[in-house]
There are 2 protein chains.
Amino acid sequence: MTQKIIGIDLGGTSVKFAILTKDGDVQDKWSIATNILDEGSHIVPDIIASLKDRLNDLGLTKDDILGIGMGSPGAINRDKGTVVGAYNLNWKTVQPVKEQIESALGIPFFIDNDANVAALGEKWKGAGENDPDVVFVTLGTGVGGGVVAGGNLIHGAGGAGGEIGHMVVDFDAPIMCTCGKLGCLETVTSATGIVNLGRRYAQTYAGDSELKRLIDSGEDVTAKVIFDLAKKGDVLGKIVYENFSRYLGIACANIACLLNPSAIVIGGGVSAAGDFLLDGLDEVFKANVFPQIIGSTKIKLAQLGNDAGIIGAASLVL
Amino acid sequence: MTQKIIGIDLGGTSVKFAILTKDGDVQDKWSIATNILDEGSHIVPDIIASLKDRLNDLGLTKDDILGIGMGSPGAINRDKGTVVGAYNLNWKTVQPVKEQIESALGIPFFIDNDANVAALGEKWKGAGENDPDVVFVTLGTGVGGGVVAGGNLIHGAGGAGGEIGHMVVDFDAPIMCTCGKLGCLETVTSATGIVNLGRRYAQTYAGDSELKRLIDSGEDVTAKVIFDLAKKGDVLGKIVYENFSRYLGIACANIACLLNPSAIVIGGGVSAAGDFLLDGLDEVFKANVFPQIIGSTKIKLAQLGNDAGIIGAASLVL
């Protein structure tokens with residue numbers, strides 16, 4: 001029998017698992033709740049128990065598994081296989097994840113951070129089409145990313161490669177970022193950032209707008225509400241959309257000048273706006289990227305959704 | 001005898017050669033004039049003749065040479081070893097450089113573009129300290145660059161990786177770049193770009209300034225004149241210097257957020273300003289980069305000067 005690989009996507013709410021072929025085809029998929037009680041001390045034992053059960057049910061032994069890969073929040077030491085400072089897991093101190101899993105299961109274990117692992121997933125089996133040069137940008141509550149260049153995931157000298165959300169792009173009315181800097185991409189293109197833009201432009205926009213009424217009356221507007229209104233022609237909504245496109249489009253153009261990847265893949269909750277998002281972004285991108293790059297670097301939507309993590313994690317084994 | 005490697009830096013004025021050990025120590029160095037007459041048809045034969053002569057003089061045969069690497073202007077096909085559109089060599093049509101050199105000398109030949117090769121040189125034997133993640137920015141007549149990430153030179157999908165000069169950074173009063181876009185890094189931080197800034201701020205600056213007098217009286221000011229005046233405290237000169245630092249510092253911060261290289265190495269003629277340049281740049285860089293990156297990514301001055309090309313070219317062989 002040919003060996004399988006296992007991918008694990010560890011999150012604050014659930015732990016997702018998959019068993020895949022070495023070609024990246026998902027053959028089995030399941031998840032368990034993440035128990036963060038007692039300083040997250042149940043998490044790794046729960047993962048081990050769930051893996052043992054499933055392998056047993058499927059009649060698989062450790063010899064059938066080439067390795068296990070995991071994506072985790074927090075700061076990862078890839079060589080030692082440890083995680084520290086993953087606050088949504090209650091992991092404040094160093095967790096020897098690799099050591100625990102390898103000694104319990106006898107299967108080689110590999111780990112990287114969740115944004116990098118999602119990038120690897122989209123690169124391998126998603127919009128990246130397994131090209132050697134792919135950049136992944138995820139627009140969620142924050143803005144994360146991962147860079148694959150020359151076939152390698154780029155961690156950089158201090159492990160902070162792919163911190164795309166902290167590229168400075170807003171020189172108009174820079175907003176303070178959670179990182180302490182001003183004008184980061186995250187402050188204007190994350191789900192929160194889009195709401196920031198709504199409030200910013202509502203202050204000066206005096207015309208007719210449903211979005212303006214919602215904001216002025218203190219309603220809880222979301223990025224989805226803003227983009228839906230923009231699609232329907234709401235003038236303030238369109239102002240937000242155009243500025244979102246401008247900030248993200250220039251960031252993508254600058255990434256492309258540096259790396260000329262075959263694709264910049266946009267994922268995360270905000271990317272649910274789909275072609276509407278892509279259209280505005282592409283226009284700014286093409287106007288601001290080095291002309292020779294138009295054609296070779298394409299802006300694409302992510303294709304794997306929530307599976308990017310388990311698939312990319314499994315690819316760490318290969 | 002251990003084998004040597006040869007590096008060639010092909011330019012519009014001269015062709016520089018070096019024979020190096022596999023550790024990158026230059027053992028012999030010479031140059032010839034570039035004869036661009038007759039559509040540059042003498043260039044490759046001249047290179048072959050010069051190599052034959054020198055190897056002969058040194059008593060070396062083709063078996064003593066592991067390979068030859070070359071940096072060239074123009075658009076390079078690395079696999080085929082051809083060059084096209086190198087206008088300062090008068091090479092308008094496709095030149096089969098690899099084929100000509102290999103058939104004449106029987107030594108394996110490798111080629112890449114001049115900016116990439118200079119980046120490899122600084123990465124290997126210069127300020128990059130042979131780290132796997134190093135970005136090189138050259139500030140000359142234009143702004144060029146090269147990206148080494150995860151140990152590999154990054155060419156990207158269309159061969160335009162490292163086009164750092166065309167990152168968009170000026171949103172204040174964007175100047176048209178030779179590439180057709182507005183606000184490129186090159187328009188405000190190349191030698192020409194620094195003069196652009198001098199003219200821009202001279203228009204609105206009304207105070208006392210030697211630089212203002214020079215510009216207003218139509219003198220030919222250069223980047224060197226402007227930086228020398230800034231060093232001496234000329235107020236307009238300092239305004240130019242601060243804005244140059246701001247544009248380049250933000251570009252470097254954004255590069256570091258994406259790649260977290262151990263070093264961003266600044267070379268080219270403008271870098272002769274030395275520590276004065278570094279001080280202003282570093283201040284903006286640190287204020288704008290993701291805080292975790294401060295310490296792991298350092299801004300450094302290039303160390304190899306004109307030798308970066310021959311050394312980096314030779315490294316293509318390895």
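Residues numbered from 1 in each chain as written. Chains lettered and ligands numbered in written order. Predicted model: local features only at pLDDT ≥ 70, side-chain atom pairs only at ≥ 80, totals over all residues. Heavy atoms only, no water.

Taking an unreviewed UniProt entry as the reference, chain A is identified by name as Glucokinase belonging to Streptococcus merionis.

Enquirer: Can you help me understand the overall build of chain A in this one?
Expert: Each helix and strand counted, chain A has 11 helices and 12 strands in total. A compact globule built from 318 residues should have a C-alpha radius of gyration of about 20 Å, and chain A, at 21 Å, falls within 12% of that. The buried share among the 318 residues of chain A stands at 57%. Total accessible area on chain A is roughly 12,700 Å²; 49% of this is exposed by carbon and sulfur atoms. Taking the average place of the 26 positive charges on the side chains of chain A and the average place of its 37 negative ones, the gap between the two points comes to 2 Å. (Helix = DSSP H or I, 4+ residues; strand = E, 2+ residues; numbered from the N terminus. Rg over C-alpha atoms; globule rule 2.2 N^0.38 Å. Buried < 20%, exposed > 50% of the residue type's maximum accessible area, 1.4 Å probe, protein only. Areas by Shrake-Rupley, 256 points an atom, 1.4 Å probe, with all protein chains shown as cover. Lys, Arg positive; Asp, Glu negative; His and termini not counted. Charge placed at Lys NZ, Arg CZ, Asp CG, Glu CD.)

Enquirer: What should I look at first to understand the interface of chain B and chain A in this one?
Expert: The figure often quoted for interface size is the accessible area lost as the parts come together. Between chain B and chain A, the contact holds 38 residues from the first and 38 residues from the second. Note on chain B versus chain A: buried area summed over both sides is about 3,200 Å², and carbon and sulfur give 66% of it. Between the two partners, chain B and chain A, sit 0 salt bridges. At the boundary of chain B with chain A, the tally comes to 20 residue pairs in polar contact (both at pLDDT 80 or more). (Contact = heavy atoms within 4.5 Å. Buried area = accessible area lost by both parts, 1.4 Å probe. Salt bridge = Lys/Arg side-chain N within 4 Å of Asp/Glu carboxyl O. Polar contact = N/O pair within 3.5 Å; in protein donor to acceptor, adjacent residues only side chain to side chain.)

Enquirer: Quick question: what am I supposed to make of the packing of helix 4 (residues 114-125) of chain A against helix 11 (residues 307-315) of chain A here?
Expert: Describing two packed helices takes the angle between their axes plus the distance from one axis to the other. Residues and elements named next belong to chain A. Two elements in contact, helix 4 and helix 11, have axes whose closest approach is 7 Å; the angle formed by their N-to-C orientations is 85°. With respect to each other, helix 4 and helix 11 are oriented roughly perpendicular. On the side of helix 4, the interface is formed by Val117, Ala118, Leu120, Gly121, Glu122, Trp124 and Lys125, while helix 11 contributes Ala308, Gly309, Ile311, Gly312, Ala313 and Ser315. Each residue belonging to the contact of helix 4 with helix 11 can be placed in one class, and the counts come to 7 nonpolar, 4 polar and 2 charged. (Axes fitted to C-alpha atoms, helices over the stretch in contact; angles between N-to-C directions. Parallel < 35°, antiparallel > 145°, perpendicular 65-115°, else oblique. Nonpolar A, V, L, I, M, F, W, Y, C, P; charged D, E, K, R; others polar.)

Enquirer: What is the right way to look at the sheet that holds strand 8 (residues 134-139) of chain A in this model?
Expert: Paired through their backbone hydrogen bonds, the strands of a sheet run either parallel or antiparallel. All names here are of chain A. On the basis of which strands lie adjacent, the open sheet formed by 5 strands has the order 10-9-8-11-12 and mixed pairing. A single partner strand is all that each edge strand has here, and the edge strands are strand 10 (152-153) and strand 12 (298-301). Examined bridge by bridge, strand 8 and strand 9 (residues 143-149) share 6 bridges and lie antiparallel to one another. Looking across to strand 9, one finds that Leu139 is bridged to Val143. Together, strand 8, strand 9, strand 10 and strand 11 (263-267) form the strand contacts of helix 4, whose direction differs from that of strand 9 by roughly 55°. (Pairing = 2+ DSSP bridges.)

Enquirer: Just checking my understanding: could you explain unusual backbone geometry for this structure?
Expert: Negative phi characterises most residues that are not glycine, and trans characterises most peptide bonds. All names here are of chain B. Although it is not a glycine, Glu39 sits at a positive phi angle of roughly 55°. Tracing the sequence through the fold places Glu39 in helix 1 (residues 37-40). Note on Glu39: relative accessible area 54%, which makes it exposed.

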